[in-house]
Amino acid sequence: MESADDISNANSTNVLAHIKYLEEKLKVLEEEKARLEKDINSYKEEKEKYIKYLEEKIKELEEEKLMLNREVKYYKEEMEKLLAPPLIEASVLDILPDKRVVVRSSTGPNLIVTVSGNISVDQLLPGTIVAINQRGSSIVEVLPQREDPYVKAMEVIERPNVKYKDIGGLSKQIQEVRETVELPLKKPELFKKIGIEPPKGILLYGSPGTGKTMLAKAVASETNATFIRVVGSEFVQKFIGEGARIVREVFELAKRKAPAIIFIDEIDAIAARRIDIGTSGEREVQRTMMQLLAEMDGFDPLDNVKVIAATNRIDILDPAILRPGRFDRIIEVPLPDKQGRIEIFKIHIKKMNVEKNLDIRKLSELTEGFVGADIKAVCVEAGYNAIREERDLVTMEDFIKAIEKIKGRKKEVEPEVPQVSTAY
Ligand SMILES: Nc1ncnc2c1ncn2[C@@H]1O[C@H](COP(=O)(O)OP(=O)(O)OP(=O)(O)O)[C@@H](O)[C@H]1O
């Protein structure tokens with residue numbers, strides 16, 4: 001028979017074994033727990049990575065969508081452009097009181113059109129270049145204004161306001177210009193009756209500032225002619241490649257605006273004698289001159305267009321332009337002599353408030369070698385001298401100071417122009 005001790009011994013062995021078993025089980029469970037925790041962490045990490053990857057993917061797709069949207073917009077606009085009817089270019093002629101506009105369309109007729117809401121009528125002036133819709137009913141755009149070089153190349157004065165009496169010291173030259181330009185313009189029948197041809201063109205030569213432009217303007221003014229001025233040197237410097245066309249346009253304009261005087265200043269720049277025509281620039285100048293000669297040859301001496309050219313370098317001119325039927329009257333415009341300077345002073349002083357006994361004779365003596373433009377500059381400077389001292393009367397002293405100043409300025413700027421012989 002088992003004793004109570006035996007029983008209690010057997011039980012405690014069992015309990016111990018059970019405890020051991022439980023402890024092992026616990027260990028296994030803890031290990032399991034640690035493994036699961038590790039799994040969870042790595043799963044979490046992977047998930048986070050995946051989320052990040054997905055987020056980046058979304059960003060990429062969004063960027064791509066944006067690009068595609070842009071592309072769609074571009075193609076849509078292109079499609080619209082391809083499908084849109086072309087606009088018609090037109091230039092504004094007049095604005096009617098009811099805000100409709102008369103335009104000359106590039107397709108031909110003059111049209112009366114409305115102005116689309118996004119354009120203010122104030123923007124439109126005669127000459128403004130606009131686009132009108134295909135139906136030709138409305139101005140839909142104001143186009144950038146192009147400056148035609150030929151418009152820039154000319155100075156056009158409908159009626160210059162220079163009179164012969166504004167020119168001092170050139171009575172002989174005025175007389176010649178009147179006979180050769182004014183008379184044939186005013187009385188062509190006289191020349192027909194007598195049977196002689198007046199010159200088509202005259203050439204004025206002389207130092208800068210002697211009054212050549214004034215003379216040409218005065219003839220235009222006295223004959224009610226349009227004065228069109230072009231400057232030879234600009235053909236070479238500014239309007240390269242356009243010379244021949246500008247010359248053609250100038251003559252066309254002159255015929256349209258006749259009676260007209262074409263004044264070609266600094267003609268030497270396009271009509272100088274050339275030894276060889278090597279560079280393309282020289283060839284271009286040559287073409288301009290050929291066009292000028294062709295135009296001169298092309299009109300009739302009794303047409304009411306006259307050409308006056310001016311130069312201070314007659315010595316370098318190509319003899320071709322001086323042939324009969326071209327510039328066949330040559331008029332020298334000299335430096336004014338003592339009497340001439342008196343006259344020029346008188347002309348410019350007339351408009352000034354000068355002291356009563358101003359000694360103009362003395363002023364003339366002090367200005368030997370001065371041209372008309374210098375004398376004008378002296379008068380302006382004398383006026384300034386009075387203004388600087390807050391006087392309203394210009395004195396002899398002011399003039400003398402001005403003469404000294406202009407003399408100094410002339411020394412600084414005067415180029416060594418060879419004095420032209422008068423043997424022509
Ligand atoms: N004989 C003159 N009588 C009165 N004013 C004159 C005279 N000559 C020149 N002037 C004055 O000088 C200014 C310039 O003269 P103008 O332009 O006629 O000279 P130009 O000989 O044509 O000169 P350029 O050869 O430089 O073109 C004139 O606007 C005028 O005020």
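Calculation criteria
Residues numbered from 1 in each chain as written. Predicted model: local features only at pLDDT ≥ 70, side-chain atom pairs only at ≥ 80, totals over all residues. Heavy atoms only, no water. Near = heavy atom within 4 Å. Polar contact = N/O pair within 3.5 Å; in protein donor to acceptor, adjacent residues only side chain to side chain. Areas by Shrake-Rupley, 256 points an atom, 1.4 Å probe, with all protein chains shown as cover. Helix = DSSP H or I, 4+ residues; strand = E, 2+ residues; numbered from the N terminus. Nonpolar A, V, L, I, M, F, W, Y, C, P; charged D, E, K, R; others polar. Pairing = 2+ DSSP bridges. Patch = residues over 30% accessible without salt bridge, like charges linked within 9 Å, V, L, I, M, F, W, Y side chains within 5 Å. Salt bridge = Lys/Arg side-chain N within 4 Å of Asp/Glu carboxyl O. Lys, Arg positive; Asp, Glu negative; His and termini not counted. Charge placed at Lys NZ, Arg CZ, Asp CG, Glu CD. Buried < 20%, exposed > 50% of the residue type's maximum accessible area, 1.4 Å probe, protein only. UniProt positions renumbered as here; feature names shortened; annotations may be inferred. Domains from an automatic or database assignment. Core = buried A, V, L, I, M, F, W, Y, C linked by side-chain atoms within 4.5 Å. Contact = heavy atoms within 4.5 Å. Axes fitted to C-alpha atoms, helices over the stretch in contact; angles between N-to-C directions. Parallel < 35°, antiparallel > 145°, perpendicular 65-115°, else oblique. Left-handed = near helix turned anticlockwise from the far one by under 90°. Phe/Tyr/Trp six-rings, centres within 6.5 Å; stacked < 30°, edge-to-face > 60°.

Student: Lay out the site of the ligand in plain terms, naming residues and giving numbers.
Tutor: In the vicinity of the ligand, 17 residues are found, and the nearest of them are Gly168, Gly209, Lys212, Thr213 and Lys376. Here alanine 373 contributes a backbone N or O atom positioned 3.5 Å from an oxygen atom of the ligand. Here the ligand has 630 Å² of accessible area as a free molecule, and 79% of this is covered by the chains. Those elements giving two or more residues to the shell around the ligand turn out to be helix 5 (212-222), helix 9 (338-349) and helix 11 (372-388). Residues of the shell around the ligand, tallied by class, amount to six nonpolar, seven polar and four charged.

Student: If you had to explain the pairing of strand 5 (residues 138-142) to someone new, which residues and values would you point to?
Tutor: Note: strand 3 (residues 110-115) against strand 5, two bridges, orientation parallel. For threonine 114, the partnering residue across the bridge sits in strand 5 and is serine 138. The pairing of strand 4 (residues 129-132) with strand 5 spans three bridges and is antiparallel. Residue isoleucine 132 lies in a different strand from strand 5, and its bridge partner there is isoleucine 139. The turn joining strand 4 and strand 5, which pair antiparallel and follow one another in sequence, is formed by five residues; a positive phi near 70° is taken by glycine 136.

Student: So what's going on with a negative patch on the surface? Residues and values would help.
Tutor: On the surface, a cluster of negative charge is made up of Glu55, Glu56, Glu60, Glu62, Glu63 and Glu64. By the secondary structure assignment, glutamate 64 is in helix 1 (residues 4-83). Given the relative accessible area of 45%, glutamate 64 is considered partly exposed.

Student: Can you tell me about the UniProt feature "coiled-coil region" (unreviewed entry) in the chain, naming the residues and giving the values?
Tutor: UniProt marks residues 19-78 with the feature "coiled-coil region" (unreviewed entry), using the numbering shown here. End-to-end, the C-alpha atoms of residues 19-78 are 87 Å apart, and along that stretch the chain is 100% helix and 0% strand.

Student: Account for the domain arrangement of the chain, with residues named and values stated.
Tutor: Taken domain by domain, the chain consists of domain 1 (30-83), domain 2 (88-142), domain 3 (152-332) and domain 4 (338-413). A C-alpha centroid distance of 53 Å is found between domain 2 and domain 4.

Student: Account for the nonpolar core, naming residues and giving values.
Tutor: By size, the foremost hydrophobic cluster in this structure holds 33 residues, and its most contacted members are Ile264, Ile267 and Phe327. When near neighbours in sequence (up to four residues on either side) are disregarded, isoleucine 267 contacts Leu203, Leu292, Ala309, Ala310, Thr311, Leu317, Ile321 and Phe327. Counting 23 residues, the second-largest nonpolar core is a separate cluster that includes Val181, Ala218, Ile331 and Val333.

Student: So what about unusual backbone geometry? Which residues, and what values?
Tutor: For the bond from alanine 258 to proline 259, the omega torsion is 0°, close enough to zero to count as cis. Assignment of secondary structure puts proline 259 in the loop between helix 7 (243-256) and strand 9 (260-265). With a phi angle near 70°, lysine 99 is a residue other than glycine that sits in the positive phi range. With respect to the helices, strands and loops of the structure, lysine 99 is situated in the loop between strand 1 (88-95) and strand 2 (101-105). In this structure, glutamate 390 is a non-glycine residue whose phi angle is positive, near 55°.

Student: Report on the packing of helix 9 against helix 11, specifying residues and quantitative values.
Tutor: The N-to-C vectors of helix 9 and helix 11 enclose an angle of 45°; their axes lie 10 Å apart at closest approach. It follows that helix 9 is oblique to helix 11 by the angle criterion. As helix 9 runs across helix 11, the sense of the crossing is right-handed. Each of Arg341, Ile344, Phe345, His348 and Ile349 in helix 9 lies in contact with helix 11, whose residues at this interface are Gly372, Ile375, Lys376, Val378 and Cys379. Across the contact of helix 9 with helix 11, the residue classes break down as six nonpolar, two polar and two charged.

Student: Hey, could you go over the packing of aromatic side chains for me, with residue numbers and the actual values?
Tutor: A full pass over the atoms with the stated rule returns four aromatic pairs. Ring geometry for phenylalanine 227 and phenylalanine 263: centres 5.9 Å apart, planes at 25°, overall stacked. Of this pair, phenylalanine 227 sits in strand 8 (residues 226-231) while phenylalanine 263 sits in strand 9; the two residues are 36 residues apart in sequence, bridging distant segments of the chain. For the pair phenylalanine 227 and phenylalanine 263, one class covers both residues: buried. Ring plane angle 75° and centroid distance 6.5 Å describe the contact between phenylalanine 345 and phenylalanine 399, whose orientation is recorded as edge-to-face. Separated by 54 residues along the polypeptide, phenylalanine 345 in helix 9 and phenylalanine 399 in helix 12 (residues 396-413) bring together distant segments of the chain. Both residues of the pair, phenylalanine 345 and phenylalanine 399, count as buried.

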